Amino acid sequence: MTLFIVILLIIDVYVLSGLRGLPKKWRFLHKKWFIAAYLVFSVLLIAGLVTVTFVKVGFALRLSYIVFFFLELVFKASFGLFILLDDLRRTSLYIIKKNQRPAPSEEIQPAPLAIPRSQFLMKAGLLAGTIPLAALKINMKSGLYDYHVKRYKLYLPNLPKAFDGIKLGQISDIHSGSFYNKKAVLGGVEMLMREKADIIFFTGDLVNFYSNELREYQDIFSKVRAPLGVFSSLGNHDYGDYSNWPNLAAKKQNFDNIITAHKNMGWDLLRNENRRLKINGEEIGILGVENWGQLSRFPKYGRMDLAVKNTDDLPVKLLLSHDPSHWRAQVLPHYKQIDAMFSGHTHGMQLGVRTENFQWSPIEYVYNEWAGFYHEGPQQLYVNVGYGFLFPGRVGILPEITIFELKAGAAPHV
């Protein structure tokens, strides 16, 4: 992290040198107060990044800050590239002039101490820095409801024959309080239903803050049904911990309303408990814990000891746990019997690159597991990047509907 901070400071100083190379008519760029303000702002930005990375702050605040920092870094990197080009140009000219041999009749002129920066390149750099930001702004809203279905085979060595080939669907992080387009939300649900999943998981964050956010959308999500059941879990936003309540009774009532909403939609909410799923006399376990986040400043509500109770005889155990940090912090070291865990929470930061063979997002500097499949020995984790959104923008990390085909046997990678 120290090296990363040093690199950021070097970039800031380099960009500042480029800004000061812009036309003299932009006088404020050449004032001492501007230099001081720029450097102070840069230091505060870096300090803020360190704070949201290592200090326990709300996930929404952490996510929003990292997005802001990333956008600011995009501008600096784009502008800095043009400064570098101009420096290379000036260095090349200096070397050429220094090595030229003047004709005998020519008067030898001393080489200039410095070659002025090209105002054209500096202006081009500013333009290059703003174009990506403009493009990001344009694309952010277009990705909010651009639901994509991702299909995988989920290999489970001890999967009973009766379950081989069944389809499992997953959605996560609905955040109903952020929606403003009912038709688009319904379109995503219909997309999920067309997959004809045998069982569906919802892995937490039904709302942003308040149960009444569901008022316009509960009828839509009530359409999420599956022959073997819809199983759900709670996320960090479902407890009301991010809001100020007049009293504890109001907070409890809000939470009770969310619990009731799961029931009214026909979803089986698992609160540190399990269910036995039976087909043709064979069984697997569906376990669900309340929110447990390694990085959260709020209480760890999850109780794995309760969730695994009376499941020792089940050959396969699938766990719903909202926060993927739970997997490495508690599930891997202490609950080896969990075959696969299903999470959400990260949203993939709603910003990054995700292709079939490559993915990157700034959120990976906060969460070790943030999108897609992860494996540790025989245990597996899948992180869904979310159906909804916290802030109104998605670029590169699109809303996700995940469909798994359960397969008996070892995964090819093992």
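Residues numbered from 1 in each chain as written. Predicted model: local features only at pLDDT ≥ 70, side-chain atom pairs only at ≥ 80, totals over all residues. Heavy atoms only, no water.

A. Here's a closer look at the overall build of the chain. Each helix and strand counted, the chain has nine helices and 14 strands in total. Here the chain holds 414 residues, and 51% of them are scored as buried. Of the contacts formed within the chain by residues at least 6 apart in sequence, a portion of 76% connects residues at least 24 apart. Surface summary for the chain: the accessible area is close to 20100 Å², and the carbon and sulfur share equals 60%. (Helix = DSSP H or I, 4+ residues; strand = E, 2+ residues; numbered from the N terminus. Buried < 20%, exposed > 50% of the residue type's maximum accessible area, 1.4 Å probe, protein only. Contact = heavy atoms within 4.5 Å. Areas by Shrake-Rupley, 256 points an atom, 1.4 Å probe, with all protein chains shown as cover.)

B. Spotlight on the sheet that holds strand 6 (residues 273–279). The strand order across the open sheet built from six strands is 6-7-8-9-13-12, with neighbouring strands paired in mixed fashion. The outermost strands of the open sheet, each flanked by one partner alone, are strand 6 and strand 12 (372–376). For this sheet, the mean angle separating the axes of adjacent strands, direction not counted, is 20 degrees. Note: strand 6 against strand 7 (residues 282–288), seven bridges, orientation antiparallel. Across the sheet, the residue bridging to Arg276 is Gly285, located in strand 7. (Pairing = 2+ DSSP bridges. Axes fitted to C-alpha atoms, helices over the stretch in contact; angles between N-to-C directions.)

C. View of helix 7 (residues 248–264). The terminal C-alpha atoms of helix 7 lie 24 Å apart, and with 17 residues this matches the ideal 24 Å at 1.5 Å per residue to within 8%. Regarding helix 7, the residues found buried are Asn254, Phe255, Ile258, Ile259, Ala261 and His262. Viewed along the axis of helix 7, the buried residues span an arc of 155 degrees, placing them on a single side of the element. More than 90 degrees from the buried face of helix 7, the exposed residues found are Ala249, Lys252 and Lys263. Residues of helix 7 that are buried sit in contact with strand 3 (199–203), helix 6 (218–221), strand 4 (230–233) and strand 5 (268–269). At the N-terminal boundary of helix 7, the capping side chain belongs to Asn247, with an oxygen 3.2 Å from the backbone nitrogen of Ala249. Following helix 7 by one or two positions, Gly266 adopts a phi angle in the positive range, close to 85 degrees. (Expected span 1.5 Å × (residues − 1). Arc of directions from axis to C-beta. Polar contact = N/O pair within 3.5 Å; in protein donor to acceptor, adjacent residues only side chain to side chain.)

D. Structural detail: the pattern of salt bridges. Tallying each qualifying case throughout the model produces 17 salt bridges. Close ionic contact of Glu376 with Arg328 constitutes a salt bridge, the shortest N to O distance being 3.5 Å. Placement of the pair is Glu376 in strand 12 and Arg328 in helix 9 (residues 325–334), with a sequence separation of 48 residues. Overall, Glu376 belongs to the partly exposed group, its relative accessible area being 37%. Several salt bridges share partner residues, and in doing so they unite Arg276, Lys278, Glu283 and Asp313 into one network. (Salt bridge = Lys/Arg side-chain N within 4 Å of Asp/Glu carboxyl O.)

E. Geometry of a nonpolar patch on the surface. Together, Leu81, Leu84, Leu85 and Leu88 make up a nonpolar patch on the protein surface, roughly 360 Å² of accessible area in all. Residue placement: Leu88 occurs in helix 3 (residues 59–99). (Patch = residues over 30% accessible without salt bridge, like charges linked within 9 Å, V, L, I, M, F, W, Y side chains within 5 Å.)

F. Structural detail: the pairing of strand 7. Here strand 7 lies mainly inside the structure; five of its seven residues are buried. Two strands pair when backbone bridges link them, and strand 7 and strand 8 (residues 317–320) are joined in this way by four bridges, in the parallel orientation. Note that in strand 8 the partner of Leu287 across the bridge is Leu319.

G. Just helix 5 (residues 182–194), in detail. The end-to-end C-alpha distance of helix 5, which contains 13 residues, comes to 18 Å, matching closely the 18 Å that a straight helix rising 1.5 Å per residue would cover. Those residues of helix 5 lying buried are Ala184, Val185, Gly188, Val189 and Leu192. Buried residues of helix 5 fall within an arc of 145 degrees about the axis and therefore sit on the same side. Exposed and oriented more than 90 degrees from the buried face of helix 5 are Lys183 and Arg194. Looking at the buried residues of helix 5, the elements they touch are strand 2 (167–171), strand 3, helix 6 and strand 14 (400–408). You can read the cap of helix 5 off the contacts: a side-chain oxygen lies 3.3 Å from the backbone nitrogen of Lys183, and it is on Asn181.

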